[in-house]
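Residues per chain are reported as follows:
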Amino acid sequence: MIFVSVTTGSIAALKNLRTDWPSWVIPAASAALGVITAYIASWAQSEVKATIDHRRMRHQRQIGGEQALLRELGSSNKLPRLQSIPPNQLGVHAAVRAKIDTSDSNASDWNLPQYVTRDIDEEIRQVLSATAKKNGFLLLIGNSSAGKTRCAYEGAKAVAPQWQVFRPKDGKSLNDVVNSGVTLRKTIIWLDEIQQYLDGENAITSNTVQKILNASGPTIIIGTIWPDLYYNYLERESQSSIPPGRGREVLRLSITIDVSDSFTKQEIQRAREVSQKDDRIAEALQSSHFGLTQMLAAAPELIRRWESAPTAVGRAILTAAIDIWRLGVKGAVSDQFLKSATPLYLSPTERAQAAPNWYTDAIKFASKRVKGATSALLQLGNEMSVANGYTVADYLAQRGSEQRRSILPPMQLWEQLLNYTEDMDDLLRVAKSAQDRILLRTAEKFYLKAIGKGSAHARTELANMYNDQGRGKVAEDLLRAGIVNEAEARSSLAYMLQQKGRWAEEEEIRQEAVRQGDSYSKRQLAELFIRTKRVAEAEKLLVQALAEGDLTATAPLSRVLEGRGNHDEAETLLRTKTTDAADHSESALADFLCRHNRLDEAEEVLRQAITSGQPGLIRSKLVDILNEQSRHEEAEEILREAVAEKEPLADLWLAIHFTKYKREDEAEEVLKEAFERGSPFVGPLLAARLQRRGLHNEANDVWQQARAGGDPFAAILYGTIDKRNEDRIKKYGLEPDGSVCQPWW
């Protein structure tokens with residue numbers, strides 16, 4: 001109304017100012033001002049509405065975050081202090097009892113053994129002390145029962161015992177709390193077994209983690225993960241034809257420290273000193289086959305219970321549970337499911353000889369606590385004293401999966417998985433397991449069931465599978481059906497359009513995502529502007545994204561600055577971000593220095609990154625720089641160091657290095673050794689090499705083992721094994737029995 005009053009006054013002023021205007025001036029001016037008035041009024045109304053809508057959305061987010069936090073707090077209405085939390089509630093394994101009370105074999109002793117100081121403890125505490133001042137994300141990488149969680153607990157207790165601890169139910173709870181603006185000052189966000197928070201519908205987003213790291217804080221994020229899972233997220237998603245996955249983007253923001261499951265000489269000596277006061281430590285030190293932490297977690301007893309079960313049914317029920325777990329069901333497995341699956345692992349004779357109450361006896365055996373620490377099958381439940389089902393103890397799950405990685409599960413198990421699996425995230429994981437084994441028709445069934453339960457991520461994954469099959473129109477239609485309510489569908493459709501060169505349609509979708517408040521889309525839209533030579537618009541968006549905490553905007557913004565000739569400004573930006581250990585800008589900085597022929601400085605940046613524990617892709621980049629300078633021996637030394645340190649994928653890089661320089665026999669030997677150890681991704685490459693040498697049967701055996709283990713490279717390299725059926729398998733996949741599918745779409 002203010003604009004209308006001003007305009008009306010302006011017309012009156014025109015009339016009073018002069019009387020000799022031509023007769024047409026006043027009506028024309030009045031008409032023009034009327035149009036302007038209407039436009040301004042409409043603009044003002046839309047701006048007011050947008051402001052109100054923004055405030056309403058912010059208020060709703062705040063309410064949602066507060067409600068999510070209240071759900072986590074329960075009746076206590078406050079977060080607990082670290083020093084008041086029993087270690088088992090944070091994921092620390094129960095320990096064996098040195099003297100077993102057979103009258104109470106299911107009892108659990110939570111009097112933890114005295115802590116044996118690890119060599120990495122000082123590094124952990126230094127990182128936690130630094131993050132306690134300015135926010136940070138510490139990720140400990142190690143095998144099951146290596147002592148990751150205990151190391152994290154002891155380090156946090158030493159640095160921040162009075163801090164409150166937030167253990168979110170799932171990633172969505174953390175997303176809701178952080179996006180609402182709820183303050184998490186002097187809070188440890190505890191994400192033990194962080195892979196549980198990275199997959200499926202309720203996964204943590206990198207945007208959430210970035211907001212935590214850029215908030216006033218201080219806030220510490222602590223996570224743990226198995227090595228194979230960590231490197232699968234990093235490497236598999238970097239090779240994928242789909243947009244970078246949420247898991248990789250989250251993990252890239254962490255400071256990583258490896259926790260070995262083998263003790264050093266110094267650690268063993270400290271353990272001997274502690275053993276004078278703790279019989280459990282003394283008993284654990286006597287083993288020559290298992291590490292100290294594995295002995296304390298009853299790992300030998302778990303393996304023995306599975307491998308040396310007194311009955312065939314006892315072993316079968318544990319094998320079935322292991323296969324169900326490794327194919328993707330991480331939640332509770334019901335009695336009905338286990339009872340249906342167990343006979344699949346028995347011979348006809350064993351099934352006929354089973355006792356009438358075989359299931360009751362088997363489940364009692366499998367769930368019996370060993371040495372007061374744990375049981376092979378653990379009961380799970382949502383309510384007090386009510387069990388919903390069972391899951392495998394994590395050490396047995398990891399070791400059992402490794403032993404069975406080259407074995408396909410029984411064909412009928414896929415049908416049972418479809419019948420009994422109801423959790424969206426479990427359905428999604430099983431679908432991926434089927435797809436990785438080239439069971440495309442089977443995978444489609446699981447994806448569709450997950451979509452029917454509301455899984456946006458399943459829609460994206462199925463669309464990508466359709467696209468890889470050559471069903472681009474079906475894939476696009478599937479994504480368009482979800483773009484109104486699903487941000488992930490929008491992002492994936494935009495990426496698909498980008499790959500097809502349909503940039504105008506891509507821009508329309510990304511613009512809408514930005515209007516919806518998706519800050520990650522600003523960087524993606526900016527990169528589209530860079531591709532279409534709209535650099536000024538790109539720079540504006542990248543500056544905004546960086547200001548909002550999206551550190552992934554650092555590299556593209558530096559490239560824009562560099563392209564405008566602002567080399568010093570670009571370098572300053574990259575160097576500023578590399579001082580933040582949560583953001584891996586070292587790679588981008590090294591690329592910048594290489595482009596300006598400053599190879600010595602690039603090498604120094606990468607070596608420092610390796611020393612600080614950055615992911616292995618940094619090491620690979622350093623190897624490339626050394627090779628470009630014909631420093632091949634140094635490059636090989638770095639790769640051999642990575643292999644010696646058991647860094648996943650190091651074998652793969654070393655084999656590629658040998659192949660590049662015509663050292664074929666050495667490359668094959670590295671691949672064979674890595675394949676025997678179960679290293680990911682090497683099997684299909686080894687199979688391709690054997691096939692080229694004419695060793696067809698051996699190549700097929702290796703490839704079949706890789707497929708059974710769910711190696712995604714098996715599908716990519718199938719053509720090296722069976723060129724005749726390559727196109728057909730790409731379109732239709734295989735049947736569970738390994739035969740080529742007939743056309744089904």
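Residues numbered from 1 in each chain as written. Predicted model: local features only at pLDDT ≥ 70, side-chain atom pairs only at ≥ 80, totals over all residues. Heavy atoms only, no water.

Caption draft 1: Inspection of the overall build of the protein at higher detail. Along its length, the protein carries 38 helices and seven strands. Considering only contacts in the protein between residues 6 or more positions apart, those separated by 24 or more positions represent 65%. Working note: accessible area of the protein is about 35200 Å², and carbon and sulfur atoms make up 50% of it. (Helix = DSSP H or I, 4+ residues; strand = E, 2+ residues; numbered from the N terminus. Contact = heavy atoms within 4.5 Å. Areas by Shrake-Rupley, 256 points an atom, 1.4 Å probe, with all protein chains shown as cover.)

Caption draft 2: Expanded view of the pattern of salt bridges. Overall, the coordinates contain 49 salt bridges when judged by the stated rule. The partner of Arg-118 in a salt bridge is Glu-267, and the shortest N-O contact between them spans 3.0 Å. On the criterion of sequence distance, the pair formed by Arg-118 in the loop between α2 (25–73) and α3 (121–134) and Glu-267 in helix α9 (residues 265–275) is long-range, its members being 149 residues apart. On the accessibility criterion, Arg-118 (5% relative accessible area) is buried. With a relative accessible area of 3%, Glu-267 lands in the buried category. A salt bridge links Lys-453 to Glu-422; its shortest N-O distance comes to 2.8 Å. One end of the pair, Lys-453, is in the loop between α20 (440–452) and α21 (456–469); the other, Glu-422, is in the loop between α18 (411–420) and α19 (424–436), and 31 residues separate them in sequence. Residue class for Glu-422 comes out partly exposed when judged on its relative accessible area of 42%. (Salt bridge = Lys/Arg side-chain N within 4 Å of Asp/Glu carboxyl O. Buried < 20%, exposed > 50% of the residue type's maximum accessible area, 1.4 Å probe, protein only.)

Caption draft 3: Main features of the side chain of Asn-143. Among the secondary structure elements, Asn-143 is positioned in the loop between β1 (136–141) and α4 (148–159). Only 3.1 Å separates the side chain of Asn-143 from the side chain of Asp-261, close enough to count as a polar contact. Apart from the residues lying within four places of it in its own chain, the contact partners of Asn-143 are Lys-148, Trp-226, Pro-227, Asp-261, Gln-398 and Arg-399. (Polar contact = N/O pair within 3.5 Å; in protein donor to acceptor, adjacent residues only side chain to side chain.)

Caption draft 4: Broad picture of the sheet that holds β1. Ordered in space as β2-β3-β4-β1-β5, the five strands form an open sheet in which the pairing is parallel. One side of each edge strand has no neighbouring strand; the edge strands of this open sheet are β2 (164–166) and β5 (255–258). Going from strand to strand, the sheet's axes swing by 25 degrees on average, the running direction of each strand aside. Bridging between β1 and β5 involves four bridges; their strand directions are parallel. Considered in β5, the bridge of Leu-138 is made with Ile-255. (Pairing = 2+ DSSP bridges. Axes fitted to C-alpha atoms, helices over the stretch in contact; angles between N-to-C directions.)

Caption draft 5: Structural detail: the nonpolar core. Ranked by internal contacts, the top residues of the largest apolar core, which has 164 residues, are Phe-137, Leu-251, Leu-338, Leu-377 and Leu-417. Take this core: its biggest share by element is nine residues, from helix α13 (residues 312–326). The contact partners of Leu-377, leaving out residues within four places of it in the chain, are Leu-318, Ala-321, Leu-338, Ile-363, Ala-366, Ser-367, Tyr-390, Thr-391 and Val-392. In this structure, Ile-85, Ile-120, Trp-163 and Ile-222 belong to the second largest nonpolar core, which totals 28 residues. (Core = buried A, V, L, I, M, F, W, Y, C linked by side-chain atoms within 4.5 Å.)

Caption draft 6: Main features of the confidence of the model for the protein. Mean pLDDT for the protein: 84, with 84% of residues reaching 70 or above. Below a pLDDT of 50 lies the segment residues 1–22, which in the model reaches 13 contacts outside its immediate sequence neighbourhood of four places, other chains included. Confidence drops under pLDDT 50 across residues 237–244; counting only partners more than four residues distant or on other chains, this segment forms 15 contacts. (pLDDT = per-residue confidence, 0-100.)

Caption draft 7: The arrangement of unusual backbone geometry in detail. Despite not being glycine, Asn-135 shows a phi value in the positive range, around 80 degrees. With respect to the secondary-structure elements, Asn-135 resides in the loop between α3 and β1. Of the residues examined, Asn-135 reaches a relative accessible area of 6% and is grouped as buried.

Caption draft 8: Main features of the pairing of strand β3 (residues 187–191). Within β3, five of the five residues are buried, which leaves it mostly tucked inside the rest of the structure. Burial of β3 is two-sided: the residues Thr-187, Ile-189 and Leu-191 facing one way and the residues Ile-188 and Trp-190 facing the other way are all buried. Across three bridges, the pairing between β2 and β3 is parallel. By the bridge assignment for β3, Gln-164 is matched with Thr-187. Handedness of the crossover joining β2 and β3 through helix α5 (residues 171–179): right-handed. With five bridges joining them, β3 and strand β4 (residues 219–225) adopt parallel strand pairing. Residue pairing across strands places Trp-190 opposite Ile-222, the latter belonging to β4. This β-α-β element, β3 to helix α6 (residues 206–214) to β4, shows right-handed connectivity. (Right-handed = clockwise from strand over helix to strand, strands pointing away.)

Caption draft 9: The pairing of strand β7 (residues 389–392), seen in detail. Every second residue of β7 is oriented toward a common face, with Gly-389 and Thr-391 on one face and Tyr-390 and Val-392 on the other, all of them buried. Strand direction decides the pairing type here: strand β6 (residues 377–380) and β7, joined by four bridges, are antiparallel. Each bridged residue has a counterpart across the sheet, and for Leu-378 the counterpart in β7 is Thr-391.

Caption draft 10: Geometry of the environment of Asn-111. Note on placement: Asn-111 falls in the loop between α2 and α3. The spacing of Asn-111 and Ala-95 is 16 residues in sequence and 8.0 Å in space, taken between C-alpha atoms.

Caption draft 11: Looking closely at the packing of α13 against helix α17 (residues 394–403). Contact geometry of α13 with α17 gives a least axis separation of 9 Å together with a crossing angle of 85 degrees. In this view, α13 runs roughly perpendicular relative to α17, as classed from their interaxial angle. Residues Ile-322, Trp-325 and Arg-326 of α13 touch α17, and the partners they reach there are Leu-396, Ala-397, Gly-400 and Ser-401. Of the residues contributing to the contact of α13 with α17, the split by class is four nonpolar, two polar and one charged. (Parallel < 35°, antiparallel > 145°, perpendicular 65-115°, else oblique. Nonpolar A, V, L, I, M, F, W, Y, C, P; charged D, E, K, R; others polar.)

Caption draft 12: Quick peek at the side chain of Asn-135. Looking at Asn-135, its side chain comes within polar contact range of the main-chain oxygen of Ile-212, at 3.2 Å. One polar contact links the side chain of Asn-135 to the main-chain carbonyl oxygen of Leu-213, over a distance of 3.3 Å. Those residues in contact with Asn-135 that sit more than four places away from it in its chain are Ile-212, Leu-213, Asn-214, Ala-215, Ser-216, Gly-217, Pro-218 and Thr-219.

Caption draft 13: Molecular detail of the packing of aromatic side chains. Inspection of every chain in the model, using the stated rule, returns five aromatic pairs. Ring centres 5.7 Å apart and planes at 40 degrees place the aromatic pair Trp-226 and Trp-325 in the tilted group. Remark: Trp-325 occurs in helix α13 and Trp-226 occurs in the loop between β4 and α7 (227–239); sequence separation between them is 99 residues. Accessibility expressed as a relative area gives 3% for Trp-226, which makes it buried. Judged by its relative accessible area of 16%, Trp-325 falls in the buried class. Ring centres of Phe-681 and Phe-713 lie 5.0 Å apart, and the angle between their planes is 50 degrees; on these two criteria the pair is classed as tilted. In this pair, Phe-681 is assigned in the loop between α34 (664–677) and α35 (682–692) and Phe-713 in helix α37 (residues 713–716), connecting sequence segments 32 residues apart. For Phe-681, a relative accessible area of 1% puts it in the buried group. The ring of Trp-306 has Arg-315 lying over it, and the distance from NZ or CZ to the ring centre is 5.0 Å. (Phe/Tyr/Trp six-rings, centres within 6.5 Å; stacked < 30°, edge-to-face > 60°. Lys NZ or Arg CZ within 6 Å of the ring centre and 35° of its normal.)

Caption draft 14: Focus on the environment of Arg-677. Checked against the element boundaries, Arg-677 lands in helix α34. Between the C-alpha atom of Arg-677 and that of Glu-402, which follows or precedes it by 275 residues, the distance is 9.1 Å.

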